[in-house]
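Understanding the architecture of this molecule
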Amino acid sequence: MLRKKEKQTLTRLFLLGVGAPIGLDRFYEGDVTGGFLAILGFLIALITVFGLLVWIFPFISKTFRLLREFEDAED
């Protein structure tokens, strides 16, 4: 059975994977400003190639951070 920390990490990973363009992971974590900035960043990424590169780096970085958090969860 999964522990609470593992469940939280999986929930955040799911929200990041499914709702990254609209900042669902940020809103879930209680970061309203970050959520609106994520939406704005995604809109800019849709318009420019440079914006896409700027948007994809934090997305991949956060994904790996959450995967490490899941892996390091105490038994």
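Scoring rules and cut-offs
Residues numbered from 1 in each chain as written. Predicted model: local features only at pLDDT ≥ 70, side-chain atom pairs only at ≥ 80, totals over all residues. Heavy atoms only, no water. pLDDT = per-residue confidence, 0-100. Helix = DSSP H or I, 4+ residues; strand = E, 2+ residues; numbered from the N terminus. Core = buried A, V, L, I, M, F, W, Y, C linked by side-chain atoms within 4.5 Å. Buried < 20%, exposed > 50% of the residue type's maximum accessible area, 1.4 Å probe, protein only. Contact = heavy atoms within 4.5 Å. UniProt positions renumbered as here; feature names shortened; annotations may be inferred. Salt bridge = Lys/Arg side-chain N within 4 Å of Asp/Glu carboxyl O.

- As annotated in an unreviewed UniProt entry, the chain carries the name TM2 domain-containing protein and is attributed to Prochlorococcus marinus.

**Regarding the confidence of the model for the chain**
- In this model, the chain carries an average pLDDT of 83, and 96% of its residues clear a pLDDT of 70 or more.
- The element-level mean pLDDT for the chain is lowest in helix H1 (residues 4-19), coming to 82, with helix H3 (residues 32-47) highest at 86.

**What about the nonpolar core?**
- Core analysis: the largest hydrophobic core is formed by 6 residues, namely Leu13, Leu16, Ala20, Ala45, Trp55 and Leu66.
- Looking at this core, the elements that each hand over two or more residues are H1 and helix H4 (49-71).
- If we ignore the near neighbours within four places in the chain, the residues touching Ala45 are Gly51, Leu52 and Trp55.

**With respect to the UniProt feature "transmembrane region" (unreviewed entry) in the chain**
- Within this numbering scheme, the UniProt entry marks residues 34-60 as carrying the feature "transmembrane region" (unreviewed entry).
- In the segment residues 34-60, helix accounts for 96% and strand for 0%; the C-alpha atoms at its two ends are 16 Å apart.

**Focus: the pattern of salt bridges**
- If you walk through the whole model with that rule in mind, you get 6 salt bridges.
- For Lys62, the salt bridge identified is with Asp25, shortest N-O distance 2.8 Å. Within this pair, whereas Lys62 is found in helix H4, its partner Asp25 is found in helix H2 (residues 24-28), the two being separated by 37 residues in sequence.
- Judged by its relative accessible area of 4%, Asp25 is buried.
- Salt-bridge contacts for Lys62 lead to Glu29; the nearest nitrogen and oxygen are separated by 3.2 Å. Of this pair, Lys62 sits in helix H4 while Glu29 is found in the loop between H2 and H3, placing the two residues 33 residues apart along the sequence.
- Assessed through its relative accessible area of 36%, Glu29 is described here as partly exposed.

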